[in-house]
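Listed here are the chains, written in short residue letters.
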Amino acid sequence: SRDLQWSGAHLLWRGLDPSAVFLACQQAVCANSPIILHQSPNYPISALVMLMPLGALPWGIAKFAWLLVNLASVAILFWCAWNHLAPRLDPRSILFVFLAFLISTPFRNHVENGQQGLFPIAMLILALGLVHRDRPMIAGLLLALALIKFTLTLPLSLIFVARRDWKTLSVA
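Analysis parameters
Residues numbered from 1 in each chain as written. Predicted model: local features only at pLDDT ≥ 70, side-chain atom pairs only at ≥ 80, totals over all residues. Heavy atoms only, no water. Helix = DSSP H or I, 4+ residues; strand = E, 2+ residues; numbered from the N terminus. Buried < 20%, exposed > 50% of the residue type's maximum accessible area, 1.4 Å probe, protein only. Areas by Shrake-Rupley, 256 points an atom, 1.4 Å probe, with all protein chains shown as cover. Lys, Arg positive; Asp, Glu negative; His and termini not counted. Charge placed at Lys NZ, Arg CZ, Asp CG, Glu CD. Polar contact = N/O pair within 3.5 Å; in protein donor to acceptor, adjacent residues only side chain to side chain. Contact = heavy atoms within 4.5 Å. Expected span 1.5 Å × (residues − 1). Salt bridge = Lys/Arg side-chain N within 4 Å of Asp/Glu carboxyl O. pLDDT = per-residue confidence, 0-100. Phe/Tyr/Trp six-rings, centres within 6.5 Å; stacked < 30°, edge-to-face > 60°.

With that settled, the discussion passes to the overall build of the protein. Scanning the protein for helices and strands turns up 12 helices and zero strands. Each helix and strand of the protein, placed in order from N terminus to C terminus, yields the pattern α-α-α-α-α-α-α-α-α-α-α-α. The principal-axis extents of the C-alpha atoms in the protein amount to approximately 60 × 40 × 25 Å. With 172 residues in all, the protein has 37% of them scored as buried. When the accessible surface of the protein is summed, it comes to about 10,100 Å², and 68% of that surface belongs to carbon and sulfur atoms. Within the protein, the 6 negative side-chain charges are centred at a point lying 4 Å from the centre of the 12 positive side-chain charges.

Given below as structure tokens:
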């Protein structure tokens, strides 16, 4: 979990400005820098606020908790894909795709490095599913969580604009 934004969330949890701490340590040599593993706080403050529960935990526990979040996100994505693809494909074909995904190098690197891509995509997919069930409030909350990685999910969330789903967007 080298890329989990724990350092920034941890500093924010402690009441410090992660960017100011990072810049101060860049300008001077900080022997005991609170920024570990080169985790520059390059995420927007809103993302660090969402990650603050992890920042409140010690690094080792936070790393394990984020692993569990990533694995739960994969389970959500597989469940959604299964529900969507099962009527069209043979179950063995779907299982093959799932297993190929799990053993793929990009997936393993993603989980090992603590990337923040699986969670927001899972939240976005769940939000889309809830819109179809006329649950815009919960869908909006999930969409807000998906925006933790806005560079990935903001362009994809334009589907809510295209569908004129203003309720979900206003909650997010």
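Now, onward.
Time to look at the side chain of His-110. Position of His-110 relative to the elements: it lies in helix α7 (residues 105-113). At 3.4 Å, the side chain of His-110 forms a polar contact with the backbone nitrogen of Gly-117. Of the polar contacts made by the side chain of His-110, one reaches the backbone nitrogen of Leu-118; its length is 3.3 Å. If we ignore the near neighbours within four places in the chain, the residues touching His-110 are Asn-70, Gln-115, Gln-116, Gly-117 and Leu-118.

A word on helix α5 (residues 59-85). In a regular helix each residue adds 1.5 Å, so 27 residues correspond to 39 Å; α5 covers 38 Å between its end C-alpha atoms and thus fits that length. Within the span of α5, buried status applies to Trp-59, Ala-62, Trp-66, Asn-70, Ser-73, Val-74, Leu-77, Phe-78 and Cys-80. On the buried face of α5, the contacting elements are α1 (6-13), α4 (52-55), α6 (91-103), α7 and α8 (118-132).

Moving on: the pattern of salt bridges. What the rule picks out here adds up to one salt bridge. Of the charged contacts, one joins Arg-92 and Asp-90 as a salt bridge, the two residues approaching to 3.5 Å between their closest N and O atoms. Arg-92 gets classed as exposed once you look at its relative accessible area, which sits at 67%.

Glancing now at the confidence of the model for the protein. Looking at the protein, the pLDDT average stands at 86 and 97% of residues meet or exceed 70. Across the protein, element-level confidence peaks in α4 with a mean pLDDT of 92 and bottoms out in helix α2 (residues 18-27) with 81.

Counted under the stated rule, the structure contains six aromatic pairs. Between the aromatic rings of Trp-82 and Phe-98, the centroid separation amounts to 6.3 Å while the plane-to-plane angle is 45°, which identifies the pairing as tilted. Of this pair, Trp-82 sits in helix α5 while Phe-98 sits in helix α6; the two residues are 16 residues apart in sequence, bridging distant segments of the chain. Classification of Trp-82 as partly exposed rests on a relative accessible area of 34%. On the accessibility criterion, Phe-98 (13% relative accessible area) is buried. Joined through ring pairs, the aromatic side chains of Phe-78, Trp-82, Phe-98, Phe-101 and Phe-107 make up one cluster.

Our focus in this paragraph is α1. Of all eight residues that make up α1, seven are buried, and the element is covered over most of its length. Burial in α1 covers these residues: Trp-6, Ser-7, Gly-8, Ala-9, His-10, Leu-11 and Leu-12. A positive phi of about 85° marks Gly-15, the residue just after α1.

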